[in-house]
Amino acid sequence: MGQPESRESPGAEHLELPPGQRLQRGWPVTHYGPVPKFKPDRWEFRVFGATADGDKHCWNHEEFTALPFESVVADLHCVTKFSMPGAEWGGVLAREILALAPPSPQVTHVMVWAEYGFSSNLRLADFASDRTVFATHEGGELLTAEHGFPVRLVVPHLYAWKGPKWVRGIEYMTADRRGFWEERGYHNIGDPWREQRYSYQEEPGDGPEL
Ligand SMILES: Nc1nc2c(c(=O)[nH]1)N[C@H]1C(S)=C(S)[C@@H](COP(=O)(O)O)O[C@H]1N2
Ligand SMILES: [Mo]
């Protein structure tokens with residue numbers, strides 16, 4: 001993992017952007033629909049679907065924020081072509097969730113679920129990357145409501161829509177299924193370095209039939 005760098009003076013590694021992306025000053029807010037209101041008593045983070053033990057696993061907000069805290073420095077690449085370099089995400093690694101609530105051996109994909117039914121699907125390997133993080137913080141500060149408080153997913157090697165804000169849980173899947181944007185014209189995998197923006201670019205094997 002690289003040295004933390006401030007957003008004002010990104011290190012050379014952060015100046016290398018995926019094709020077609022441009023640098024963004026500041027941190028815009030991008031999402032579909034309203035910003036949900038956080039209700040601490042009702043909030044829980046659920047792991048369900050094909051778990052190894054067949055049970056659901058749940059953490060309330062207090063329990064979730066007590067899980068091991070790690071930092072990941074990563075750029076945010078929005079498919080609408082702006083990139084925000086050098087964000088310092090803090091939170092719970094996806095790997096930690098996989099260890100605490102393991103998937104069954106048949107699991108190939110993960111659906112990440114957020115408030116209002118927003119979702120995004122990931123290959124298990126993308127989810128299990130050691131840089132995939134359920135962020136509660138950015139730049140040492142708690143996330144703001146607009147940016148996903150209390151928890152958002154960050155998958156550094158994929159476009160930012162693959163990281164839902166206001167995450168409420170994950171579903172382990174034994175076959176792939178499209179999430180919200182993946183059903184609406186965006187690429188099932190979403191690798192910015194390969195410019196996988198739209199579903200019409202998909203090749204056989206990239207995703208389920210539309
Ligand atoms: N729940 C939810 N999460 C979401 C989205 C959304 O519409 N709903 N949009 C995604 C997209 S397209 C981007 S670019 C990033 C933007 O994050 P930001 O608003 O913190 O910059 O959030 C992602 N997460
Ligand atoms: Mo985006």
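Residues numbered from 1 in each chain as written. Chains lettered and ligands numbered in written order. Predicted model: local features only at pLDDT ≥ 70, side-chain atom pairs only at ≥ 80, totals over all residues. Heavy atoms only, no water.

**Describing the pairing of strand E3 (residues 57–60)**
Move 1: Residues His57 and Trp59 point to one face of E3 and are all buried, whereas Cys58 and Asn60, pointing to the other face, are not buried.
Move 2: Relative to E3, strand E2 (residues 44–49) runs antiparallel, the two sharing 4 bridges. Residue pairing across strands places Glu44 opposite Asn60, the latter belonging to E3. (Buried < 20%, exposed > 50% of the residue type's maximum accessible area, 1.4 Å probe, protein only. Helix = DSSP H or I, 4+ residues; strand = E, 2+ residues; numbered from the N terminus. Pairing = 2+ DSSP bridges.)

**What about the sheet that holds E2?**
Move 1: On the basis of which strands lie adjacent, the open sheet formed by 5 strands has the order E3-E2-E11-E6-E7 and mixed pairing. The sheet is open, and its two borders are formed by E3 and strand E7 (119–123), each paired with just one other strand. Averaged over all neighbouring strand pairs, the angle between strand axes comes to 15 degrees, with direction disregarded.
Move 2: Where strand E6 (residues 109–114) and E7 come together, 5 bridges link them in antiparallel fashion. (Axes fitted to C-alpha atoms, helices over the stretch in contact; angles between N-to-C directions.)

**Here's the deal with the packing of aromatic side chains**
Move 1: Using the criterion set out here, one finds 17 aromatic pairs in the structure.
Move 2: With a centroid separation of 5.5 Å and 20 degrees between ring planes, the pair formed by Tyr198 and Tyr200 is classed as stacked.
Move 3: An aromatic cluster of three or more residues is present, and its members are Tyr32, Phe118, Tyr159, Trp161, Phe180, Trp181, Tyr186, Tyr198 and Tyr200.
Move 4: Here Arg46 stacks its cationic end above the ring of Phe48, 4.4 Å away from the centre of that ring.
Move 5: Here Arg184 stacks its cationic end above the ring of Phe180, 3.8 Å away from the centre of that ring. (Phe/Tyr/Trp six-rings, centres within 6.5 Å; stacked < 30°, edge-to-face > 60°. Lys NZ or Arg CZ within 6 Å of the ring centre and 35° of its normal.)

**As for the confidence of the model for the protein**
Move 1: In the predicted model, the protein carries a mean pLDDT of 94, and 93% of its residues have values of at least 70.
Move 2: Averaged over each element, pLDDT in the protein is lowest for helix H1 (residues 12–15) (54) and highest for E6 (99).
Move 3: Here residues 1–12 is modelled with pLDDT under 50, and outside its nearest four sequence neighbours on either side it reaches 18 contacts, counting other chains as well. (pLDDT = per-residue confidence, 0-100. Contact = heavy atoms within 4.5 Å.)

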